[in-house]
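# Coordinate analysis (summary)
Listed here are the chains, written in short residue letters.
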Amino acid sequence: MGLFQEAKRESLQLRLALIGPSGSGKTLSALKIARGLVGKEGRIAVVDTENGSAKIYADRYKFDLAEMHAPYTVKKYLDAIKGSGDDGYDCLIVDSLTHSWVELLQKKEDMDRRGGNSFTNWGSITKEHE
């Protein structure tokens, strides 16, 4: 058998991050990509931490919205991710994950203040982030 084999379609999950300044079109781009991935009938869920700003596109794209408010804990994000899967959504958009990172950075700073090695303190933070 040679180096190459016939490609076969598998059920894989895409994780994609869109990065850009405020107002650059990340949410709209995410909705366009999501619709392209799941097709006309696919179900899209949006977790919105930006004061419901995704609603501006509700007349152009069909999606369900969950507004998340402070405190922005990793547990809240994980519950939303799990919930979207449990509810049968084909795609989940998290707008934005930045708030979760802020919580983790605060935890890291607290660990550093309590002592220990500031480099190795990243170990538990990285696990939680993943």
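Residues numbered from 1 in each chain as written. Predicted model: local features only at pLDDT ≥ 70, side-chain atom pairs only at ≥ 80, totals over all residues. Heavy atoms only, no water.

## Here's the deal with the sheet that holds strand β1 (residues 44-48)
To be explicit about the condition: Pairing between strands is defined by DSSP: at least two bridges between them are needed. Secondary structure elements follow DSSP: runs of H or I no shorter than four residues count as helices, runs of E no shorter than two count as strands, and numbering proceeds from the N terminus. In this analysis, axes come from line fits to C-alpha atoms, helices being fitted only over the stretch in contact, and the angle between any two N-to-C directions falls in the range 0 to 180 degrees. Note on definitions: a residue-residue contact is assigned when non-hydrogen atoms from the two residues lie within 4.5 Å.
Strand order in this open sheet of three strands is β2-β1-β3, and the pairing throughout is parallel. Looking at the sheet topology across the chains shown, the edges are occupied by β2 (64-67) and β3 (91-95). Pairwise comparison of adjacent strand axes, ignoring direction, gives a mean angle of 20° for this sheet. Contacts between helix α2 (residues 74-86) and the sheet are confined to β1 and β3, with β3 contributing the most and set at about 160° to the helix.

## Re the pairing of β3
Short version of the rule: Type-normalised accessible area, obtained with a 1.4 Å probe on protein chains alone, sets the label of each residue: buried when under 20%, exposed when over 50%, and partly exposed for intermediate values.
Only one face of β3 is buried, namely the one carrying Cys91, Ile93 and Asp95, since none of Leu92 and Val94 on the opposite face is buried. In this sheet, β3 lies alongside β1 in parallel orientation, the contact comprising five bridges. Residue pairing for β3: alanine 45 is matched across the bridge by leucine 92.

## A closer look at the packing of aromatic side chains
Worth spelling out the cut-off: Under the pairing criterion, centres of Phe, Tyr and Trp rings, with the six-membered ring standing for Trp, must be within 6.5 Å; the plane angle then separates stacked pairs below 30 degrees from edge-to-face pairs above 60, leaving the rest tilted. Cation placement over rings: the criterion is NZ of Lys or CZ of Arg within 6 Å of the ring centroid and within 35° of the ring normal.
The tally for this structure, following the rule as stated, stands at one aromatic pair. For the ring pair tryptophan 101 and tryptophan 122, a centre distance of 6.2 Å and an interplane angle of 15° mean the geometry is stacked. With tryptophan 101 in helix α3 (residues 98-114) and tryptophan 122 in helix α4 (residues 122-129), this residue pair connects regions lying 21 residues apart in the sequence. Overall, the relative accessible area of 31% leaves tryptophan 122 in the partly exposed class. One cation-aromatic arrangement involves arginine 43 over tyrosine 89; the distance from NZ or CZ to the ring centre is 4.0 Å.

## A word on the layout of surface pockets
Selection criterion: Cavities and pockets are defined on a 1 Å grid built over the protein atoms alone: a cavity is a set of grid points where a 1.4 Å probe fits but cannot escape, while a pocket is an open set with protein on both sides within 12 Å along at least five of seven lines, and lining residues are those with an atom within 4 Å of any such point. Grid points are joined across faces, edges and corners, and a volume is the space filled by probe spheres set on the points. Residue polarity follows a fixed list, in which Ala, Val, Leu, Ile, Met, Phe, Trp, Tyr, Cys and Pro are nonpolar, Asp, Glu, Lys and Arg are charged, and the others, Gly among them, are polar.
Within this model, the largest pocket holds a volume of roughly 2100 Å³. Around the largest pocket sit 50 residues that line it, and Arg15, Leu16, Leu92, Ile93 and Val94 are the ones nearest its centre. Sort the elements by how many residues they give to the lining of the largest pocket and helix α1 (residues 26-38) lands first, with eight residues. In terms of residue class, the lining of the largest pocket is built from 26 nonpolar, 15 polar and nine charged.

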